[in-house]
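Chain and residue survey
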Amino acid sequence: MKAALAGASLFAALFLIPAAYAQAPSKAGFEVKDMSDMSDFDPANTVVPTGDTIKIAVVASFSGPAALVGQVYWASISWVAHDVNKRGGILVDGKKKLIELIKADHQSKPDVTKKIVERMVLQEKVHILWGTDGSNLQKIINETANKYKVIAINTASLSDDLQDATNFSRYAFQSSMSADQLGRAHAYYYGQIRKKEKKFYILCQDYSFGHVLAEGFKKGMKEYYPDAQIVGEDYHKLFLTDFAPYLEKIKASGAEVVFTGDWIPDAANLLKQARQMGISLPFAHVFLDEPNFLHEVGVEGTKGLVQISQYGVEGAAFKTPEQIKYYKTWNDQWRNKWKTPPFNSRLFEHGAGNIGSYIQQTYWLLDVMARARSTDPEKIIQIWEGDSYRFINGKVLTMRPCDHKAVQDLHILEFVPPDQQKQSFNIPPYYWFQGTSAAGPVHTIPAKVVLPWMDPKLDRCKGKNPAG
Amino acid sequence: MTGLLRPAAWLLLACALAALPLALGPYYTNVFVSFAIFAVFTASLNVLLSFTGLFSFGHAIFFGAGGYGTALALKHIPGLPLLPALLTGVLAAVVLALILCPVVARLSGTAFAMLHLAFAQVMYVIALKLRAVTGGEDGIGNFPIPPLTIPGVASLPMKDSPQNFYYFAIVVLGLSLWFMWHLTKTPFGQAQLAIRENAKRTAYLGYHVPQTKALAYVIAAAFAGVAGSIYGLFHNLVSADGALGAVVSFAPIINIMIGGIGSFFGAILGTAVFQLIEELVGRFTDKVELVMGLTFVAVILYAPGGVLGVVRALRQKWFAAPAENAAERRSA
Amino acid sequence: MDPVTAMYVAQGIHGLAYGMILFLIASGLNVIFGMMGVLNLAHAAFFMLSGYLGYQAVSLTGNFWAALLLAPIATALCGVLMERFLLGKVHAFGHLGELILTVGVAQIILAAVKGIWGTENLSLRMPPILEGQIALAGLNYPIYRLFIIGLALVVMAVMALLLYKTRLGKIVRAAVADAGMVNALGINVPLVFTLVFGVGIWMAGVAGVTIAPILTVFPGLADQVGNDAFLVVVTAGFGSLGGAFVVSIIFGLLSSYGIQFVSQFAPILVVAFTGLVLALRPHGLFGTREG
């Protein structure tokens, strides 16, 4: 009896209390009332301060075929810098300092990444490395950050091995979602929330992200949807021209849902070619959300897509006046002021989705720095580990101290035709997009069922609670 | 150069190289290492060109073989010391060259060049596909980099010390360059040049042309492997894009072009100039591909002899002019 | 047809369709290298340029057929400009000069395309008449892919006709065989070569517009398709259009059946085939021209 009580209290101490603590509402969060007047912000013409500033290197592809990615990141982080600078900057090291953003073009190449990041650290003396698309490149950033003791924030690379035993660095923080949890989240949705389709076909890109995502999905299926069947599994090469042979196999397999992690251009080509071949199956996806190609496919073809998002909110997207104000601040700017491509395209219309996430993740970083009152990496690490931050849309992220990964709820967005998008877009004009299906019903996938993968080999994490 | 001047110049160079990391700091030291790697890679292609008259458009295959060879060795053989790891990379490149030798031995210029372009593409796809071995897109990264151990004397850690790595790399790459340069002075080298000038005649003189061609090919491959191996150690990452991409094959070609074809020194000079251009372009514009494209076009159209060609042309201008004037004055 | 057979047949047609896609891109490259001995590494960039020009044409006219007619011609004109003003000057440096020049031009085209149309992903709508599927003995097959196969066959037939049944074709073949002699006969050989070059780029242009509706038009398009097309040309051997046709089909079938049966290793099949052919016959399966 005593042993059982002791066991129960130990259980409570080890699991329930920290878990509850991890989900407790945090005092740190985004406050709309503090936002500056953004009416003079144009991502095509950003004003970058100089002098004694807080220097942040934005490491991304700014040239070459993937230049759009760099532009998306730049718009997101410039928005935050513009806001914070107008407020007078952040009080660090005894002075109020402005944020200075520096473009670090890695041209999607590993050796250029190393060079440019070293230059940022050694010559430009940046305080933060903000990056990037491509986990193999993020690894190089993290390594350099570790070598020279500079904070690196990863807002966009999703590979779980970035924070594993081999690659972990105290100076690197992954505030973005990660591949394994995305796969499990989808499985949880299909098995525990939706409970409809039973046959799934996995078609992912043949590199680490695609494989980890698929493994996460399969793991999740075993745990949350054992009745379901994986009727096929394929990994296609990146930048594939012709999806037809894979689509043929999918057709023949009797699959009801296709699970994929493809991003542009594979995402667009996959969906387009599937619809052109008469395959109307829904896709369980991560990145089939680029509005331009969705419009190309049309409302019918995009109906029934299911996306896992790191910037969702259950039910109505705008529940408070502050949220409406925040949304409109961006949207009005986009509509009225931004005339330079690509910023005037649909991709930037709503400032939600991944753009919204990059923005809020950056606000988190700056908030941590403000609370640390310092640019000293050690102080930042101290504050950030275990820290929680509430996004404008109500999401709370917690930085798991042992491996610097973000614990957060995820959200499933079901794509529905414009007349049903009111469930999510609950203010006029009551749709996200008129020309394509988009988010309607949104379901929360609670953090505790999609905890980011924790490497059992990482010493720091041995015996630690994965819930943070 | 007279007797004393030459060794003095070498000594000066050696001192400058030794002092470099202290003077330039870690960033530029690393830039220099990067330059040295590609200088050796370019010089190896130049060896092939000047000894056989053959140009490979896919020299990256040996660079990649060197890189992957070393990375795989370090990843899978625990406790493997640094020099054997380096040699494994070189061996991989040499073996690849030996395998390809019979295929390419009797090919003419065009076919030789294009075939290598094709092989580079093939190898690139294989490196991408064999994820279990090569790590696919992500490549092989974070493999252990052992310290340089001279048994009984010293152990220099390499991993977190740009300075130590610099010394190691410079010695290896410097020796490689010296060896390649010296090759032209040896009887073997002379024979090669003779073959390039007139293969038939050289054959009549009793030299085995195909075998000597093959030897030059293997040597070129070996040094490309050295460069690739050091590259892998330098970045602690070997990936398909970084070591086998089309860009990797084109780099030595454009370097040779910029420096001036047919000259050993031109290969090194061209590498330096091109690296400089690359360093600077990124700092001032997003339109990297526009500037690079225009550079390539401009070089081939207006300075096809490369920097050395320009220097030669200028020299002619300056030294010919006074003589002309004198002649004119005399005739006037 | 029972479903399993239908699937295998469908994969076969997919292979043909993909092969024809490769052929459309590779054929122009083969013509240029095979007939003129010019190494044109900007070929994929012209393919991409044509996709963008096609997009522009459709934006302006709303008509896919207008785009299919005009964009390749416009692209060919750009190609001719390059040949006339740039390529001629580097002939002295042989393939090395062509390599560097065309790589440079490819980069410039990439910059131009980004500068004019931006970095975003664009789409080319296929004409409504070609949308949807058609029933072939119990198998539903997308009409557009059949159109691609048909168009490639037409292009091939037209090329063959031009080359072997017209006087112009005779002149071209003669000029390829012995330019000096043909020149001595009073024929403007440089003009002939410019024409051939233009036709080669035109073929890439046709490929660009034709393939755009099933792909995304974006700045990485050239990189996406260029490598495979190049391998086709090298494996087939320079100078053989028919050879390019055959090898394209082999690549396509290896690819689709590879994905069907050994999915993980499908890309290796193609490169293994290439490697094998090159190891045994370095001049390509049907190679005729020697640098």
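These numbers come from a predicted model, not from an experiment. (Residues numbered from 1 in each chain as written. Chains lettered and ligands numbered in written order. Predicted model: local features only at pLDDT ≥ 70, side-chain atom pairs only at ≥ 80, totals over all residues.)

Considerations on the overall build of chain B
- The helix and strand inventory of chain B stands at 14 helices and four strands.
- Here chain B has a C-alpha radius of gyration of 22 Å; the compact-globule value for 332 residues is 20 Å, and the two agree.
- Based on the C-alpha atoms only, the size of chain B along its principal axes is roughly 80 × 50 × 50 Å.
- In chain B, once contacts between residues fewer than 6 apart in sequence are set aside, the share between residues at least 24 apart is 74%. (Helix = DSSP H or I, 4+ residues; strand = E, 2+ residues; numbered from the N terminus. Rg over C-alpha atoms; globule rule 2.2 N^0.38 Å. Contact = placed C-beta atoms within 7 Å.)

Quick look at the overall build of chain C
- Helix and strand counts for chain C stand at 11 helices and two strands.
- Taking 291 residues into account, the globule formula puts the C-alpha radius of gyration at 19 Å, and chain C, at 19 Å, falls close to it.
- Summarising its shape, the C-alpha atoms of chain C cover approximately 65 × 50 × 35 Å along the three principal directions.
- By residue count, 57% of the 291 residues in chain C fall in the buried class.
- Sequence separation of at least 24 residues holds for 76% of the intrachain contacts in chain C that already meet a minimum separation of 6. (Buried ≥ 20, exposed ≤ 12 C-beta atoms within 10 Å, placed from the backbone.)

Section: the nonpolar core
- Counting residues in hydrophobic clusters, the biggest one holds 353 residues, and the most contacted among them are L129(A), I37(B), A93(B), A169(B), F223(B), I100(C) and V233(C).
- The leading source of residues in this core is helix α1 (residues 3-36) of chain C, at 18 residues.
- When we break this core down by domain, the ones giving at least three residues each are domain 1 (32-177 + 328-407) and domain 2 (180-309 + 411-445) of chain A.
- For I100(C), the contacting residues outside a window of four places in its chain are I253(B), I254(B), M257(B), F296(B), V299(B) and I300(B). (Core = buried A, V, L, I, M, F, W, Y, C linked by C-beta atoms within 7 Å. Domains from an automatic or database assignment.)

Some points on the pairing of strand β16 (residues 410-416) of chain A
All names here are of chain A.
- Taking burial as the measure, the seven residues of β16 include seven buried ones, the bulk of the element.
- On β16, burial covers both faces: L410, I412, E414 and V416 on one face and H411, L413 and F415 on the other are all buried.
- Relative to β16, strand β12 (residues 306-309) runs antiparallel, the two being bridged by four bridges. Paired with I308 across the two strands is I412, which belongs to β16.
- Where β16 meets strand β17 (residues 438-445), six bridges bridge the pair, whose relative direction is antiparallel. Bridging from a neighbouring strand, L410 pairs with I445 of β17. (Pairing = 2+ DSSP bridges.)

What to know about the interface of chain A and chain C
- Counting residues at the interface gives 34 residues for chain A and 34 residues for chain C.
- Going through the elements one at a time, α2 (67-86), β9 (229-236), α7 (244-253), α8 (266-276) and α9 (291-302) of chain A are the ones with two or more residues in the side of chain A that touches chain C.
- With six residues, α7(A) is the largest single contributor of residues to the side of chain A that touches chain C.
- A class-by-class count of the residues in the side of chain A that touches chain C yields 18 nonpolar, eight polar and eight charged. (Nonpolar A, V, L, I, M, F, W, Y, C, P; charged D, E, K, R; others polar.)

So, the interface of chain C and chain B
- Contacts between the two partners involve 32 residues from chain C, matched on the other side by 33 residues from chain B.
- At the level of elements, α3 (64-90), α4 (94-117), α9 (221-236) and α11 (266-280) of chain C are the ones that each hand at least two residues to the side of chain C that touches chain B.
- Among the elements that take part in the side of chain C that touches chain B, α4(C) stands out by supplying 13 residues, more than any other.

Structural notes on the pairing of strand β5 (residues 128-131) of chain A
Residues and elements named next belong to chain A.
- On β5, burial covers both faces: I128 and W130 on one face and L129 and G131 on the other are all buried.
- In terms of strand pairing, strand β1 (residues 54-60) meets β5 through three bridges, oriented parallel. Residue pairing in the sheet places I56 in a bridge with I128 of β5.
- The pairing of β5 with strand β6 (residues 151-154) spans four bridges and is parallel. For G131, the partnering residue across the bridge sits in β6 and is N154.
- In this fold, the crossover linking β5 to β6 by way of helix α4 (residues 135-148) has right-handed handedness. (Right-handed = clockwise from strand over helix to strand, strands pointing away.)

Looking at the confidence of the model for chain C
- Predicted confidence across chain C gives a mean pLDDT of 89, with 99% of residues reaching 70 or more.
- As a predicted assembly, this complex carries a pTM of 0.91 together with an ipTM value of 0.92. (pLDDT = per-residue confidence, 0-100.)

What to know about the packing of helix α5 (residues 179-194) of chain A against helix α6 (residues 208-224) of chain A
All names here are of chain A.
- α6 packs onto α5 with a crossing angle of 35 degrees between their chain directions and a minimal axis gap of 7 Å. Between α5 and α6 lies a crossing whose hand is right-handed. Where α5 approaches α6, its residues A179, D180, Q181, L182, G183, R184, H186, A187, Y188, G191 and Q192 are matched on the opposing element by F209, V212, L213, A214, E215, G216, F217, K219, G220, M221 and Y224.
- Considered class by class, the residues forming the contact of α5 with α6 number 11 nonpolar, seven polar and four charged. (Axes fitted to C-alpha atoms, helices over the stretch in contact; angles between N-to-C directions. Left-handed = near helix turned anticlockwise from the far one by under 90°.)

Here's the deal with the sheet that holds strand β8 (residues 199-205) of chain A
Residues and elements named next belong to chain A.
- Judged by pairing direction, the sheet is mixed, and its seven strands sit side by side in the order β9-β8-β10-β11-β12-β16-β17 without closing on themselves. Of all the strands in the sheet, the pair left with one neighbour each is β9 and β17. Ignoring strand direction, the axes of neighbouring strands in this sheet form an average angle of 20 degrees.
- Each of β10 (257-259), β11 (283-285), β12, β16 and β17 is contacted by α5, which is oriented at about 95 degrees to β17, the strand it contacts most.

Here we look at unusual backbone geometry
- Cis geometry is found at the peptide bond from P341(A) to P342(A), where omega equals -5 degrees.
- Assignment of secondary structure puts P342(A) in the loop between α10 (321-336) and α11 (353-372).
- With omega at 0 degrees, the peptide bond leading from P428(A) into P429(A) counts as cis.
- A positive phi angle, near 50 degrees, is found at D93(A), a position not held by glycine.
- Notably, N236(B) is not glycine yet its phi reads approximately 55 degrees, a positive angle.
- With respect to the helices and strands, N236(B) occurs in the loop between α9 (209-235) and β4 (237-238).

Remarks on the environment of Q181(A)
Residues and elements named next belong to chain A.
- Along the chain, Q181 turns up in helix α5.
- In this structure, the C-alpha to C-alpha distance between Q181 and L451, residues 270 residues apart in sequence, is 6.3 Å.
- Residues in contact with Q181, not counting those within four places in the same chain, are G216, L410, V450, L451, P452 and W453.

Brief notes about helix α5 (residues 143-165) of chain C
- Taking 1.5 Å of rise per residue, 23 residues should cover 33 Å, and α5(C) covers 32 Å from first to last C-alpha, within 8% of that figure.
- Those residues of α5(C) not exposed but buried are Y144(C), R145(C), I148(C), A152(C) and V155(C). (Expected span 1.5 Å × (residues − 1).)

Quick word on α3(C)
- Taking 1.5 Å per residue as the helical rise, α3(C) with its 27 residues ought to reach 39 Å, and the 37 Å between its terminal C-alpha atoms agrees with that figure.
- Remark: the principal bend of α3(C), roughly 40 degrees, maps to E83(C). (Bend = angle between axes of the 7 residues up to and from the residue.)

Let's talk about the packing of helix α4 (residues 109-129) of chain B against α11(C)
- One way to put it is that α4(B) packs onto α11(C) with a least axis distance of 10 Å and a crossing angle of 150 degrees. With respect to their mutual orientation, α4(B) and α11(C) come out roughly antiparallel. Relative to α11(C), the crossing made by α4(B) is left-handed. Taking contact as the criterion, the partners of L115(B), A118(B), V122(B), V125(B), I126(B) and K129(B) in α4(B) are, on α11(C), P267(C), I268(C), V271(C), T274(C), G275(C) and L278(C).
- Here the contact of α4(B) with α11(C) is composed, by residue class, of nine nonpolar, two polar and one charged. (Parallel < 35°, antiparallel > 145°, perpendicular 65-115°, else oblique.)

Notes on the environment of Q190(B)
Residues and elements named next belong to chain B.
- Following the sequence through the fold, Q190 ends up in helix α7 (residues 187-197).
- Overall, the presence of 12 C-beta atoms within 10 Å leaves Q190 in the exposed class.
- Each C-alpha atom of the pair Q190 and F51 lies 8.9 Å from the other, and the pair is 139 residues apart in sequence.

Re the environment of R167(C)
- Considering the arrangement of structural elements, one finds R167(C) in helix α6 (residues 167-177).
- The exposure class of R167(C) is exposed, given the 7 C-beta atoms found within 10 Å.

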